[in-house]
Every structure is written in C-alpha cells, then in structure tokens.
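Overview (structure and organization)
Here's the letter readout for the chains.
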Amino acid sequence: MRIVLMGAPGSGKGTQAALIVKELGLPHISTGDLLRAAVAAGSELGKQAKAVMDRGELVSDDIVLGLLEERLAADDAAGGFILDGFPRNIAQAEALDALLDRLGQPVDEALQIDIDEEQVVKRIAKRAALEGRSDDTEETVRNRLNVYAEQTAPVVDYYAQRGVLSRVLGDGSIEEVFERIRAVLQLHADD
Ligand code: B4P
C-alpha cells in the first residue's frame, strides 16, 4: 500500500505515521526527517535547507525531490510506504505522480488530518519546550501555517479529484486519532 499522509504542521502527521508503520510494517518516509538528517550531516545541501526551514518556508522542490527519489529507490520501499510531509505543493504532487507512474506504483490512499490552528500552536509550543527544534519558534510556526494554507492545502483537492482522498479529525488523544485512521485504512484494505 502506498499512503500519503497530509495535514498542517502539528496536525500529528509524524506521530500517526509512526503508529501506522507499526501496524502495517511499511517504511516511514518523512521529508522533514530526511531534511533534518541532511542538516545534521552538515552537508552543503543541509546548510541551504536549514536556513529555509528556520524561516518556516518550503525547501526547494529540486532538493526535496532529489532526497525523496533516492529514498524511494531503496529496496524496502518497493512493497509500499507511508509518505509524511510530501507532497507539500502542487508541483511536488505532480512530480510524485510522474515518478510513481514510471514505477507503475500509484498512490493508493491520501489521508488528510484536519486540525484547527489553535491546537497546532499549543502542540508545537509543547514540543518546542521538550525538543527545542529550531523551526518551532512562535514566529516560524505562524509562517509555516501560512505556507501550509497557501501552498499545501490545494494538494488536498488534487487528491480528492483523483478519488483517493480520505479525511480524519486530528483532535483528541493520539490513540483516538489513530483509531480513526485505522478505521479508514481497514475500510479501504477491504475494497
Ligand atoms: P515536518 O518535519 O514535516 O514538520 P511538521 O509539519 O511540523 O510535522 P511533524 O510531523 O514534525 O509534527 P506532528 O504534526 O506529528 O517539516 C518541517 C520543515 O521541513 C517544513 O517547515 C519545511 O521547511 C521542510 N519540509 C519538509 N517536507 C518538505 C517538502 N516536501 N517540501 C519542502 N519543504 C519541506 O506533531 C507535532 C507535535 O504535536 C508533536 O510534538 C506531537 O507529539 C504532538 N501531537 C501529535 N498528535 C497529538 C495529539 N493527538 N494530541 C496532542 N499532541 C499531539
């Protein structure tokens, strides 16, 4: 199964992807994690990405697509995957379709986690206190939310038009949200 997990920053994408991975045994491919690994490695690409991430903006499509293509070529991705944080704009969605069409492996399920802005700000403030991620400052989070509304929200319609979109509510506990996701995935596994 090839799943795309979408939602605003703080909607619980990364959190829920980790639970889905456990349940379905698919690799979890997070472009945020791939970028943070590049930053931690101190490569030239990582240095460029860090400046952009710290402003709350999207890293260039070329950089992210390069990282993603490399990751999707690994053996463990051949039997399906969960993509977390990608695509983040229409150009990325089209590039992903082109890449997966070449492999004969289209997206099966695009899962959108819906959440209101107030909860996002609270959750990320909590993570900032616990983990100190450099893009979790209040100003950057606000910018990430604006970027999400302008560039990423249209991707939801893109998948709706392709008939693969499901939506779940992201409020409530981590377990409650996961139960909703599990119900959707179960339903579609039986299709
Ligand atoms: P990401 O790493 O994708 O960061 P994110 O949107 O904040 O999501 P994340 O998965 O980390 O958080 P989650 O909602 O699970 O991206 C970071 C940056 O990388 C972007 O701003 C951008 O610059 C760059 N980037 C990434 N992908 C890109 C792409 N494709 N193109 C260009 N640039 C890209 O969780 C947030 C917090 O909420 C956690 O602390 C969690 O514990 C908590 N939480 C989750 N569920 C909860 C619940 N039900 N109740 C209470 N708390 C909950």
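Residues numbered from 1 in each chain as written. Predicted model: local features only at pLDDT ≥ 70, side-chain atom pairs only at ≥ 80, totals over all residues. Heavy atoms only, no water.

What follows covers the overall build of the protein chain. The number of helices and strands found in the protein chain is eight helices and five strands. In terms of C-alpha radius of gyration, the protein chain reaches 16 Å, essentially the compact-globule figure of 16 Å for 191 residues. In terms of overall dimensions, the protein chain has a C-alpha envelope of 45 × 35 × 30 Å along the principal axes. In the protein chain, 74% of the contacts between residues at least 6 apart in sequence involve partners at least 24 apart. (Helix = DSSP H or I, 4+ residues; strand = E, 2+ residues; numbered from the N terminus. Rg over C-alpha atoms; globule rule 2.2 N^0.38 Å. Contact = heavy atoms within 4.5 Å.)

This part covers the pairing of strand β3 (residues 81-84). Burial of the side chains of β3 extends over both faces: Phe81 and Leu83 are buried on one face and Ile82 and Asp84 on the other. As paired elements, strand β1 (residues 2-7) and β3 share four bridges and run parallel to each other. Paired with valine 4 across the bridge in β3 is leucine 83. The pairing of strand β2 (residues 28-30) with β3 spans three bridges and is classified as parallel. Pairing of serine 30 across the sheet is with aspartate 84, part of β3. (Buried < 20%, exposed > 50% of the residue type's maximum accessible area, 1.4 Å probe, protein only. Pairing = 2+ DSSP bridges.)

So, about the site of the ligand. Around the ligand, the structure places 28 residues, and the nearest of them are Gly12, Lys13, Thr31, Glu57 and Arg144. Between the ligand and glutamate 57, the relevant distance is 2.6 Å, taken from an oxygen atom to a main-chain nitrogen or oxygen of the residue. Between the ligand and the protein, one listed contact pairs a nitrogen atom with a side-chain N or O atom of glutamine 92 at 2.9 Å. The protein chains hide 88% of the 1,000 Å² of surface that the ligand would expose on its own. Mapped onto the shell around the ligand, the elements with two or more residues apiece are α1 (13-24), α2 (31-41) and α6 (117-131). It is α2 that provides the largest number of residues to the shell around the ligand, a total of four residues. For the shell around the ligand, the class distribution of residues is eight nonpolar, 11 polar and nine charged. (Near = heavy atom within 4 Å. Polar contact = N/O pair within 3.5 Å; in protein donor to acceptor, adjacent residues only side chain to side chain. Areas by Shrake-Rupley, 256 points an atom, 1.4 Å probe, with all protein chains shown as cover. Nonpolar A, V, L, I, M, F, W, Y, C, P; charged D, E, K, R; others polar.)

Before going further, it helps to spend a moment on helix α7 (residues 138-161). With 24 residues, α7 extends 34 Å from end C-alpha to end C-alpha; this agrees with the ideal 34 Å at 1.5 Å per step. The largest bend along α7 measures about 45° and falls at alanine 149. Listing the buried residues of α7 in full gives Thr140, Val141, Arg144, Leu145, Val147, Tyr148, Thr152, Val155, Val156, Tyr158 and Tyr159. Looking at the buried residues of α7, the elements they touch are β1, α3 (44-54), α5 (90-103), β4 (109-114), α6 and β5 (165-169). After α7 finishes, the residue glycine 163 shows a positive phi value of roughly 75°. (Expected span 1.5 Å × (residues − 1). Bend = angle between axes of the 7 residues up to and from the residue.)

Counted residue by residue, β4 has five buried out of six residues, so it is predominantly covered. One ladder, built from five bridges, connects β1 with β4; its direction is parallel. Looking at β4, one finds that methionine 6 is bridged to glutamine 112. Pairing analysis gives five bridges linking β4 to β5, with the strands arranged parallel. If you follow leucine 111 over to β5, its bridge partner there is serine 166.

With that settled, consider α3. Every buried residue of α3 is listed here: Gly46, Ala49, Val52 and Met53. Taken around the axis of α3, the buried residues stretch over an arc of 125°, which confines them to a single face. Those residues of α3 that are exposed and angled more than 90 degrees off the buried face are Glu44 and Lys47. Following α3 by one or two positions, glycine 56 adopts a phi angle in the positive range, close to 85°. (Arc of directions from axis to C-beta.)

As far as function goes, none of this settles anything; it's purely spatial.
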